[in-house]
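Examination of the molecular architecture
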Amino acid sequence: MSGGAVAQTYDYIVIGAGSAGCAVARRLSDDPSVRVLLLEAGGHAKGFWARSPVGMAKLFKDKRFNWMYSTEPVPTLRHRSLYWPRGKALGGSSAINGLVYVRGNRKDFDHWESLGNPGWGWESVLPVFRRIEKYGGAAGSRHGYGSDGPLTISDPAVKHPTAIDFIEAARRNQIPTVTAFTGMEPESAGFLQATIRNGARQSSYDAFIAPVRNRPNLVVESGVHVRRIVMQNRQAVGVEVLRGNQARSITASREVIVSAGALNSPQVLMLSGIGDGDALRQHGIETQFHLPGVGQNLQDHFVARVQASVTPESSYNRSLHGWRKYAEGIKYLMTGGGYLALAASMAAALVKSSPDADYTDLEISFRPMTFTYHASGKVEIDRHDAMSASVYNTRPASRGEVRLRSADPLAPPAFQPNFLSDQRDIRAMLSGLRKLRAIWATEPLASRMIAELTPGPGMVTDDQLIDYMRREGQNAYHPAGSCKMGNDPMAVVDARLRVHGIGRLRVADASIMPTVTSGNTNAPSIMIGDKAADLILADAKAA
Ligand SMILES: Cc1cc2nc3c(=O)[nH]c(=O)nc-3n(C[C@H](O)[C@H](O)[C@H](O)COP(=O)(O)OP(=O)(O)OC[C@H]3O[C@@H](n4cnc5c(N)ncnc54)[C@H](O)[C@@H]3O)c2cc1C
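Residues numbered from 1 in each chain as written. Predicted model: local features only at pLDDT ≥ 70, side-chain atom pairs only at ≥ 80, totals over all residues. Heavy atoms only, no water.

Applying the stated criterion across every chain, the model contains 19 aromatic pairs. Between Phe48 and Trp49, the ring centres sit 4.9 Å apart and the planes meet at 75°, which makes this aromatic pair edge-to-face. With a relative accessible area of 39%, Trp49 lands in the partly exposed category. Plain terms: the ring middles of Tyr69 and Phe415 are 6.2 Å apart, the flat faces sit at 70° to each other, and that makes the pair edge-to-face. Of this pair, Tyr69 sits in strand S3 (residues 69-70) while Phe415 sits in strand S25 (residues 414-416), and the two are 346 residues apart along the sequence. Of the two residues, Tyr69 and Phe415, neither departs from the other in class, the shared state being buried. The structure contains a cluster of three or more aromatic residues connected by ring pairs, namely Phe60, Tyr83, Phe371, Tyr373 and Tyr477. Positioned over the ring face of Tyr359 is Arg395, at 3.7 Å from the centre of the ring. (Phe/Tyr/Trp six-rings, centres within 6.5 Å; stacked < 30°, edge-to-face > 60°. Buried < 20%, exposed > 50% of the residue type's maximum accessible area, 1.4 Å probe, protein only. Helix = DSSP H or I, 4+ residues; strand = E, 2+ residues; numbered from the N terminus. Lys NZ or Arg CZ within 6 Å of the ring centre and 35° of its normal.)

Listed below in structure tokens is the structure:
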């Protein structure tokens, strides 16, 4: 608990202290006359591994800070159930994520606006991005990063020569080089920026809440699970929470904002009687408002990982083993730099899967290292010299769904991503794998490479590569879209993020994206939270 004393009534209650929720609560509490309660099911992730970027590997299956969900068996992926980590901590998924910072393409947001969401086009969201960002590096210009916001964005602590060669090889494949992916690039390759400050991870909680946690008008309560939103006459008037077995109610005199993430926000709404009426009845939940879109339209970026063995100096795997590991540890502790201070990927190429694509629909993220996910949950840096890349399908056509598994608020939601269920996604992924191989076969990268390890040089035909993707493909941990914004019958919130049919209730997180952005989703989730506060405050003023 932090901030003022616990009360029973607040003006605003924010459910979930994740990427978006922390930004909402921070900006609402900028007005000292407004009382804000931020509720989080998880605790505070502290200690060396929670602070150091390399600690992502340790947090990947740490049940103290991770919901550790799994999908339903996916028919299109040989009925595999995929592991889906989600942050359960102050900072939410930004407390355990890979730290890569990508806003998305300007056309992602213009598309949202064209779907009937005024105020969400690029020209409207760009100032919001810029006011949350604090960047001191080389990427200036009108569309460059902001320099005074709460969230620090930095360039990689080490720019490895192999990553430099990846960017150069991409350039020789007609992919222009950029210093930052700030949203304007048609196709581009370059080093990735990350939410790392002085060598330490920066979650949304670290950036937005920690510096203001002593505000008397902001109370942050962790370790409390919201089991439902309390409603009267189709208006949200508060929440019911569980701390262990103890239940209690808290009143919101103005609004409740659901920021529980793309899997849990629809779950909280459904548990509160907002969702498809027939599905709610099956779980004995009384329908408050029939809203069939709740939990539908789930999207994520499907990923195929590719690895290759390389010449010894072309990988930093060995720097994280044996005596070198300790040398790196000392370097990190003394300077905040070195290989322990790096985000999950070092460089990327954002490209189009075909010349007909309107804009980029593939992200090829690159690292001059490799790691193995062991069945035990351990993520280990490999000992052999190798590099890897992930090919992401960033504008998927496949759609999944989130459903209730049961009426028990503590039961995980059931969800099905339906990856590769649309032929367009398969075509895009095949194109991405071939583009990656073309880059790897181009100098100066080509002479560093010894052999492709996965999928392997024998996998060349469409059928072989499709089989590889169905056997080995994964999700990017970027779920979105399950409470989509819009005004069609399947929309859940309007363009001011108000839940259709229910008063004083909004959703603000990755779930409101009508289509997932074409890059990593932490930055746009934070932007959504910050912009939500604008909308809430403007509506309060108007009222
Ligand atoms: C392993 C991993 C790696 C990733 N890597 C990157 C990356 O490198 N770059 C990038 O841009 N994105 C990355 N992402 C994705 C990015 O972090 C998410 O898209 C983003 O954090 C989503 O923000 P959100 O606010 O929608 O949800 P979240 O940040 O997940 O926040 C939801 C919060 O609500 C809480 N909550 C849920 N239910 C309840 C309840 N009933 N009661 C109380 N609290 C509740 C949760 O505990 C959580 O804290 C990664 C994600 C993961 C999991």
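Back to the write-up after that little detour.
This part covers the nonpolar core. Core analysis: the biggest nonpolar cluster contains 87 residues, and Trp120, Leu269, Leu497 and Leu505 have the highest contact counts within it. If you tally residues by element for this core, the top one is helix H13 (residues 522-542), at eight residues. Those residues in contact with Leu497 that lie beyond four places of it in its chain are Trp120, Met485, Leu505, Arg506, Val507, Ala508, Ile512, Ile528, Ala532 and Leu535. Counting residues in hydrophobic clusters, the runner-up holds 62 residues, among them Met346, Phe371, Ile381 and Trp440. (Core = buried A, V, L, I, M, F, W, Y, C linked by side-chain atoms within 4.5 Å. Contact = heavy atoms within 4.5 Å.)

Taken together, the side chains of Phe48, Trp49, Ile330, Leu333 and Met334 present a nonpolar region at the surface, about 570 Å² in accessible area. Of all elements in the fold, only helix H2 (48-51) and helix H10 (322-335) reach the threshold of two or more residues within the nonpolar patch. Of the residues forming the nonpolar patch, the biggest block, three residues, is contributed by H10. By the element assignment, Phe48 lies in helix H2. The exposure class assigned to Phe48 is partly exposed, which follows from its relative accessible area of 34%. (Patch = residues over 30% accessible without salt bridge, like charges linked within 9 Å, V, L, I, M, F, W, Y side chains within 5 Å. Areas by Shrake-Rupley, 256 points an atom, 1.4 Å probe, with all protein chains shown as cover. Salt bridge = Lys/Arg side-chain N within 4 Å of Asp/Glu carboxyl O.)

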